[in-house]
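# A look at the structure
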Amino acid sequence: MGFPSFLRDDRLIAAGLGLTTVGFLFAMRTILEYYRDEAEIKPTPPKTQYITQETEDSLKLDTLESLLGHYNFAIRDTALKIIAGRAVNDSSAIYHLLWGITRKDYEERMEALRALAFAMEDNTFQEPLNVLNNPKAYSALVRSLELCLDDVKHEKLDDPLYDEYYLRDIGERRCLMLVSQLIHRFGPDKVVHAGFVEKWLAKQPWGEDDEERQNNFAMYMDRRKNRISDICFHLRTTKVGRKALVKAKLTTKSRRRRDRSDHIKVVLEISMTNEDDHDGMSRAELVPRVNDQSAEEQRLRRRHREAMVLNDGTHSLGRGDIIEREHDSNN
């Protein structure tokens, strides 16, 4: 069978037509998918837009008020930051809030405190506390704390295990938060001059008489780890703060001196034997040598020797600090 006969075979023609059909269908599918993808209209992604300072300044108050009621949280948060930034940079707005925190009406005072605390917590601006570093702001915060004394009645602060700070009124805690931030940033002197100790701290229920008040205050400082104890700790680090605490009868001048007696170093038993010859020179200043005794007496003396070393840390250890107890050699 020759090659021409092979080309005229029906089976070869059928196989060729089948392969051609399959290839044609595959090519058509590929072409159609390509044109379909090219003809598709894809949505353009939204471009990230940043609000410039000019855009912020152009927003009016009624626009910001409407944005505060928007359903989108990001828009509300942005509007709040813009308002907080304007308040920090506007001294009249800060003075209005300071005037609000000194009102006797509880709701009005809480609204002003909430707004002032939010403005100070905004991290967009580097130093928001600078606007409160003046006598008027310190006096307003102390006055607000003084008004908080009548909002809630507190129990006597004599329990060493119960920390009442987190159960205090939210307005009082907000004031203490701002006072603590100002003390950490600018020091406690201006807070003391504003009357923080005598107008608020001294009016806390420390006790009935002076001794009970001082003991409860010292216990509070030792046991509590909250903003009140932190503020009092910073007050005690300055001369003005310590003077105010003494004047308020919360502590005494001699308390620090008496506490030094607790730090006396006492060694009850020490070994006074001098068995190493190479270390004899270093101990010669502390241990007197006994040369007028026999070997047996010296052995009994070393065996029965007891001593106490008393040194309060104000000077180096010397022979006068060693108190020896003598034993009868006949025993």
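Predicted model, so just to flag it, every value in this text is computed and none were measured.

Inspection of the entire model under this criterion finds 5 aromatic pairs. With 5.4 Å between their ring centres and 90 degrees between their planes, W206 and Y220 make a pair best called edge-to-face. Residue W206 is found in the loop between α11 (196–199) and α12 (210–223), and its partner Y220 is found in helix α12; the two are separated by 14 residues along the sequence. The pair formed by W206 and Y220 is uniform in burial state, with each residue classed as buried. Joined through ring pairs, the aromatic side chains of W206, F217 and Y220 make up one cluster. Over the ring of Y95 we find K136; its NZ or CZ atom is 4.6 Å from the centre of that ring.

This paragraph deals with a negative patch on the surface. A contiguous patch of negative charge on the surface is contributed by D105, E107, E108 and E111. Relative to the assigned elements, E108 resides in helix α7 (residues 106–121).

With that settled, the discussion passes to the environment of A119. Topologically, A119 is positioned in helix α7. With relative accessibility at 3%, the residue A119 sits in the buried group. Taking the C-alpha atoms as reference points, A119 and A87, 32 residues apart in sequence, are found 7.1 Å from one another. Excluding anything up to four places from it in sequence, A119 contacts A84, V88 and P128.

This part takes up the side chain of T251. By secondary structure assignment, the location of T251 is in the loop between α14 (239–247) and α15 (255–259). The exposure class of T251 is buried, given its relative accessible area of 14%. With residues near it in sequence (within four places) discarded, T251 still touches Q214, L245 and V246.

On to helix α8 (residues 135–148). In a regular helix each residue adds 1.5 Å, so 14 residues correspond to 20 Å; α8 covers 20 Å between its end C-alpha atoms and thus fits that length. Every buried residue belonging to α8 is among A137, Y138, A140, L141, V142, S144, L145, L147 and C148, and all of these are buried. Along its buried surface, α8 packs onto α6 (91–100), α7, α9 (170–186), α10 (189–193) and α11.

So, about α7. Given 3.6 residues per turn, any residue in an α-helix points the same way as the ones three and four places further on. Between its first and last C-alpha atoms α7 spans 22 Å; for 16 residues at 1.5 Å apiece the expected length is 22 Å, and the two agree. Here α7 has its buried residues at R109, M110, A112, L113, L116, A117, A119 and M120. Contacts from the buried residues of α7 go to α5 (73–88), α6, α8 and α9.

Further remarks concern the environment of D169. Among the structural elements, D169 can be located in the loop between α8 and α9. Judged by relative accessible area, which is 15%, D169 ranks as buried. Sequence spacing of D169 and V152 is 17 residues, and the spatial spacing of their C-alpha atoms is 7.1 Å.

Now for a nonpolar patch on the surface. Together, F24, L25, M28, I31, L32, Y34 and Y35 make up a nonpolar patch on the protein surface, roughly 790 Å² of accessible area in all. Mapped onto the elements, L25 comes out in helix α2 (residues 10–39). Among the residues examined, L25 registers a relative accessible area of 54% and is labelled exposed.

Turning next to the pattern of salt bridges. Counting across every chain of the model gives 10 salt bridges. In this structure, a network of salt bridges that share partners links the residues R143, E146 and K203.

Right, let's talk about the nonpolar core for a bit. L116, M120, F196 and L201 are the most contacted members of the largest nonpolar core, which totals 50 residues. The residues contacting L116, other than those within four sequence positions of it, are I94, L97, L98, I101, L132 and L178.

According to the stated counting rule, one finds 0 disulfides in the structure shown. Left unpaired, C148 is separated from the closest cysteine sulfur, that of C175, by 5.0 Å.

With that settled, consider the environment of H234. For H234, the location among the structural elements is in helix α13 (residues 227–236). Note: C-alpha distance between H234 and I183 (51 residues apart in sequence) is 7.6 Å. Not counting residues within four places of it along the chain, the set of residues in contact with H234 comprises I183, H184 and P188.

Turning our eyes to something else, we now look at the packing of α8 against α9. Close contact between α8 and α9 brings their axes to 9 Å; oriented N to C, the two are set at 150 degrees. In terms of axis orientation, α8 runs roughly antiparallel to α9. The two elements α8 and α9 meet at a crossing, and its hand is left-handed. The segment α8 lies against α9, with Y138, L141, S144, L145 and C148 engaging G171, E172, C175, L176, L178, V179, L182 and F186. Tallied by class, the residues present in the contact of α8 with α9 amount to 10 nonpolar, 2 polar and 1 charged.

Cut-offs applied
- Residues numbered from 1 in each chain as written.
- Predicted model: local features only at pLDDT ≥ 70, side-chain atom pairs only at ≥ 80, totals over all residues.
- Heavy atoms only, no water.
- Phe/Tyr/Trp six-rings, centres within 6.5 Å; stacked < 30°, edge-to-face > 60°.
- Helix = DSSP H or I, 4+ residues; strand = E, 2+ residues; numbered from the N terminus.
- Buried < 20%, exposed > 50% of the residue type's maximum accessible area, 1.4 Å probe, protein only.
- Lys NZ or Arg CZ within 6 Å of the ring centre and 35° of its normal.
- Patch = residues over 30% accessible without salt bridge, like charges linked within 9 Å, V, L, I, M, F, W, Y side chains within 5 Å.
- Areas by Shrake-Rupley, 256 points an atom, 1.4 Å probe, with all protein chains shown as cover.
- Salt bridge = Lys/Arg side-chain N within 4 Å of Asp/Glu carboxyl O.
- Lys, Arg positive; Asp, Glu negative; His and termini not counted.
- Charge placed at Lys NZ, Arg CZ, Asp CG, Glu CD.
- Contact = heavy atoms within 4.5 Å.
- Expected span 1.5 Å × (residues − 1).
- Core = buried A, V, L, I, M, F, W, Y, C linked by side-chain atoms within 4.5 Å.
- Disulfide = S-S within 2.5 Å.
- Axes fitted to C-alpha atoms, helices over the stretch in contact; angles between N-to-C directions.
- Parallel < 35°, antiparallel > 145°, perpendicular 65-115°, else oblique.
- Left-handed = near helix turned anticlockwise from the far one by under 90°.
- Nonpolar A, V, L, I, M, F, W, Y, C, P; charged D, E, K, R; others polar.

Interpretation in functional terms is not warranted from these geometric data alone.
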